[in-house]
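Chain by chain, the residues run as shown.
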Amino acid sequence: MKVGLVSDSHDNEESLEEALDCLHDVDEVIHAGDLCAPFMIDLLDEAEKPVHAVFGNIDDRHLTTKVAEDADYVTLHGNEASLSIGGRDVYVTHFPDVAELAAKSGDYDLVVHGHTHEQRRKMFGETLLVNPGELLGRQERRGYAVYDTERGDADLYRLDEA
């Protein structure tokens, strides 16, 4: 099973749509926060596959929650998510400090975070920590990742190289 990982889209509709096009063959998608405007939930829903999203530090929690209630495919988990996907235990948060604690706990196969806008892939024992990078395209080139549950590993990509 393959899982698309994205984060920090910050209202960049074009980048989110481009990333979702690149992720057309994944089974599920995780968004690690900072969607920003609630309408980004609608774009995620158009992927027509299960999408798990968490809040970032600048998301509109009230309106985004309302929009997510009407989504067919998007589950908005709040500040964090603890999931089982493809037989793997997955933890999602926006914040890197929280993510590192979760990764160091050894309770998860995969931990996903955003916030820093920098792609990152690091092992903590048997736990893989991934920041797919930003879709905003402000601090670095726009990025995303794909996690393969069978391999237990993730590959990092750039939209400019897709």
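Just above sits the structure.
Residues numbered from 1 in each chain as written. Predicted model: local features only at pLDDT ≥ 70, side-chain atom pairs only at ≥ 80, totals over all residues. Heavy atoms only, no water.

Chemist: So what exactly am I meant to see when it comes to the environment of serine 15 here?
Modeler: With respect to the helices and strands, the residue serine 15 is situated in helix H1 (residues 13-22). Judged by relative accessible area, serine 15 falls into the buried class, the value being 1%. A C-alpha to C-alpha distance of 5.7 Å links serine 15 and leucine 135, two positions 120 residues apart in sequence. Non-local contacts of serine 15, meaning those with residues more than four positions away in its chain, are made with Leu135, Arg142 and Leu159. (Helix = DSSP H or I, 4+ residues; strand = E, 2+ residues; numbered from the N terminus. Buried < 20%, exposed > 50% of the residue type's maximum accessible area, 1.4 Å probe, protein only. Contact = heavy atoms within 4.5 Å.)

Chemist: Honestly, the pattern of salt bridges in this entry has me stumped. Any pointers?
Modeler: Between side chains of opposite charge, a pair can form when the charged atoms approach closely. As enumerated under the stated definition, the model contains nine salt bridges in all. Two residues, aspartate 160 and arginine 142, come together in a salt bridge whose shortest N-O distance is 3.1 Å. Residue aspartate 160 is located in the segment after strand S11 (153-158), and its partner arginine 142 is located in the loop between strand S9 (127-131) and strand S10 (143-148); the two are separated by 18 residues in the primary sequence. Overall, the relative accessible area of 14% leaves arginine 142 in the buried class. Aspartate 153 is paired through a salt bridge with arginine 151; the nearest N and O atoms lie 3.9 Å apart. Within the structure, one salt-bridge network assembled from shared partners comprises Arg121, Asp148, Arg151, Asp153 and Asp155. (Salt bridge = Lys/Arg side-chain N within 4 Å of Asp/Glu carboxyl O.)

Chemist: Which parts of the structure should I look at to understand the nonpolar core?
Modeler: Looking at soluble globular proteins, one finds that nonpolar side chains tend to be buried together. One finds Val6, Leu16 and Leu44 to be the most contacted residues of the largest nonpolar core, which totals 23 residues. Secondary-structure elements contributing two or more residues to this core are H1, helix H2 (39-45), strand S3 (51-53), strand S4 (74-76) and S10. At four residues, H2 tops the list of elements feeding residues into this core. Ile30, Ile85, Val90 and Ala154 belong to the second-largest nonpolar core, a separate cluster that totals 17 residues. (Core = buried A, V, L, I, M, F, W, Y, C linked by side-chain atoms within 4.5 Å.)

Chemist: When you look at the packing of aromatic side chains in this model, what are you seeing that I'm missing?
Modeler: Here the distance between the centres and the angle between the planes together describe a pair of aromatic rings. Evaluated as defined, the whole model comprises two aromatic pairs. Taking 5.2 Å as the distance between ring centres and 45° as the angle between the ring planes, the aromatic pair formed by tyrosine 91 and tyrosine 108 counts as tilted. Separated by 17 residues along the polypeptide, tyrosine 91 in strand S6 (residues 88-93) and tyrosine 108 in the loop between helix H4 (96-105) and strand S7 (110-112) bring together distant segments of the chain. Given the relative accessible area of 6%, tyrosine 91 is considered buried. Residue class for tyrosine 108 comes out buried when judged on its relative accessible area of 17%. (Phe/Tyr/Trp six-rings, centres within 6.5 Å; stacked < 30°, edge-to-face > 60°.)

Chemist: What am I meant to see in the pairing of S9 here?
Modeler: Within a regular strand, the side chains alternate between the two sheet faces. The element S9 is extensively covered by neighbouring structure, given that five of its five residues are classed as buried. Where burial is concerned, the two faces of S9 agree: the one with Thr127, Leu129 and Asn131 and the one with Leu128 and Val130 are both buried. Here S7 runs beside S9; their pairing, made up of three bridges, is parallel. Of the residues in S9, the one forming a bridge with valine 111 is leucine 129. Across five bridges, strand S8 (residues 120-124) lies against S9 in antiparallel orientation. Paired with arginine 120 across the strands is asparagine 131, a residue of S9. Linking two consecutive strands that pair antiparallel, namely S8 and S9, is a turn of two residues; a positive phi of about 65° is found at glycine 125 within it. (Pairing = 2+ DSSP bridges.)

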